[in-house]
Amino acid sequence: MTLRSLERLSLGLAVVALSVLSSQLEAGDWTQWGGSRADGHADPMRVPVQWGESKNVTWKTTIPGRGWSSPVIFGDQIWMTSAFETPVKPEDRERRLKASTADQPLTLVQRLDLHAIAVDRQTGKVLHQIPLLTQEEPQGVHQLNSYASPTPVIERDRLYCHFGAFGTACVDTKKGRVLWTNTTLRIQHENGPGSSPVVWKDLVIFHMDGSDQQYIAALNKHTGQVAWKTDRSGKMPDHPQLKKAYGTPLVMQIGGREQLISEASDWVYSYDPATGKELWKLSLGVSGFSQSARMVVGHNRIFMSTGFMRPEMIAVDYARSANPEIAWRYSKGAPTMVSPILVGDELYFLSDSGGMLTCVDAHSGKEHYRERLGGNHSASPILADGRLYIPNREGITTVVKPGKTYEALATNSLPGKIMATPAMVDGSIFIRTDTALYRIEE
């Protein structure tokens, strides 16, 4: 047996073990962005290939407010966040635009009310609409963004909702009440919040990379108090707009210990998740900022986009954790918002504009194909039943068969925009559009 064969066998056994453990602990749940394993892979199940407004839709529920956070699911409850926006007064709009340092088209509101919304998984009935945080004259958000874009994390009876500079809240999902809030951590997002939190042991961890300050922080998940806060140490450009980032961290095993991997402007970092101590950092080697695509991991590599300017997809080899290095780069059609997905030996990623789907060999970065799906994309692909489900902002989801050659299986359309990455559990697809939540199944 060759070294490559042994590596693939070892990886396969590890994935199987992780899948079995995950199914034992969280069968039928989708607890965070990208699923309970945060890799965009759904557990094996029979999900539909085709649907439409009048086909394979079990229920459709209007979701009040506005938000791009993805649904998370535990048991029979589906949770998401939403923002209720009081329109800005015309006389205040010009004043606030002149005072803003952002160089992007902004949505401004007079008053912001952030809510957590729960929907019954079986019926689609709205169970809870819980006010969490309120702010007068909040900083603006990019017109492609929302005030409720970060996806919450759900545990058995707790929901952790993060809104960047607008604060973090914990909800008792059984009683439908707020347990704590924290609004002490502030930055200037410029384009609004985008980083989703992760929960590790007793901590809620998230990025805070603004144009004015850049750091990563952890709250005690029981009290909401700051447990640690670590400033970014890598040198960045002087221009404030080139310092911001919107990534989501990932906790993984490297070198026999758990490490918190965190991408920021121009750098990827590793921290001790318990203390926030920096363990190592690696320059991306190019100017990269405002990235919101989440990293994926496999084959002893971390796959990530470098972000805006001239985005590249890179593979970081972490086999020697004391000295990680970039194994390969790919510079065509790299995303800034859409997260990549790893399926076996193939890595798939999608350009935000125009929908160029690229498939490369995960080991070498060698291109297998590039195929234009069309449309514009913010939501990320999900793998289920050996198929890739790829939604776009125009409400169209393309179903693609993984492999080294492109093969489309179906194209499905719903009214409205799809900005949030879908969730999939027990044979059902849950798609949040800009106005509604759908349960889709055979």
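Please read these numbers as outputs of a predicted model, since none were measured by experiment.

Participant: Just to check I follow, could you spell out the sheet that holds strand β30 (residues 382-384) for this structure?
Facilitator: As a general point, the strands of a sheet are linked pairwise by backbone hydrogen bonds and lie either parallel or antiparallel. Spatial strand order, β30-β31-β32-β33: four strands in an open sheet with antiparallel pairing. Only two strands of the sheet have a single partner each, and these edge strands are β30 and β33 (408-413). When strand polarity is set aside, the average angle formed by the axes of neighbouring strands in this sheet is 20 degrees. Where strand β31 (residues 387-391) lies against strand β32 (residues 396-400), four bridges are found, and the strand directions are antiparallel. Counterpart to Tyr-389 in the pairing with β32 is Val-399.

Participant: Sorry if this is basic, but what is going on with the sheet that holds strand β27 (residues 346-350) here?
Facilitator: One open sheet holds the four strands; their spatial order is β26-β27-β28-β29, and the pairing between them is antiparallel. Single-partner strands in this sheet number two, and they are β26 (341-343) and β29 (367-372). Between one strand and the next, the sheet's axes are offset by a mean angle of 20 degrees, whatever the strand orientation. As defined by bridge partners, strand β28 (residues 356-361) adjoins β29 across five bridges and the pair is classed as antiparallel. Note on β29: the bridge partner recorded for Met-356 is Arg-372.

Participant: Teacher, can you tell me more about unusual backbone geometry here?
Facilitator: At Asn-300, a residue that is not glycine, the phi angle is positive and equals roughly 60 degrees. Asn-300 sits in the partly exposed class, given a relative accessible area of 39%. Phi angles above zero are rare outside glycine, and Asp-426 is one such case at about 50 degrees. By secondary structure assignment, the location of Asp-426 is in the loop between β34 (423-425) and β35 (428-432).

Participant: Would you mind going over the state of the cysteines with me for this structure?
Facilitator: Among covalent bonds in proteins, the disulfide is the one between the sulfur atoms of two cysteines. What the rule picks out here adds up to zero disulfides. The thiol sulfur of Cys-170 is not disulfide-bonded, and the nearest other cysteine sulfur, from Cys-161, lies at 8.3 Å.

Participant: Looking at this model, I keep getting lost on the environment of Met-424. Mind explaining?
Facilitator: Structurally, the position occupied by Met-424 is in strand β34. Using a relative accessible area of 2% as the deciding quantity, one classes Met-424 as buried. Remark: the alpha-carbon pair of Met-424 and Pro-44, spanning 380 residues in sequence, is separated by 10.0 Å. Excluding residues that lie within four positions of it along the chain, Met-424 makes contacts with Trp-30, Ala-42, Met-45, Ile-382, Ala-384, Tyr-389 and Ile-429.

Participant: Looking at this structure, how should I read the side chain of Thr-173?
Facilitator: Residue position: Thr-173 is located in the loop between β10 (168-172) and β11 (177-182). By relative accessible area, which is 2% here, Thr-173 ends up buried. Apart from the residues within four sequence positions on either side, Thr-173 is in contact with Gln-77, Trp-79, His-128, Ile-154, Arg-156, Asp-157, Arg-158 and Leu-159.

Scoring rules and cut-offs
- Residues numbered from 1 in each chain as written.
- Predicted model: local features only at pLDDT ≥ 70, side-chain atom pairs only at ≥ 80, totals over all residues.
- Heavy atoms only, no water.
- Pairing = 2+ DSSP bridges.
- Helix = DSSP H or I, 4+ residues; strand = E, 2+ residues; numbered from the N terminus.
- Axes fitted to C-alpha atoms, helices over the stretch in contact; angles between N-to-C directions.
- Buried < 20%, exposed > 50% of the residue type's maximum accessible area, 1.4 Å probe, protein only.
- Disulfide = S-S within 2.5 Å.
- Contact = heavy atoms within 4.5 Å.

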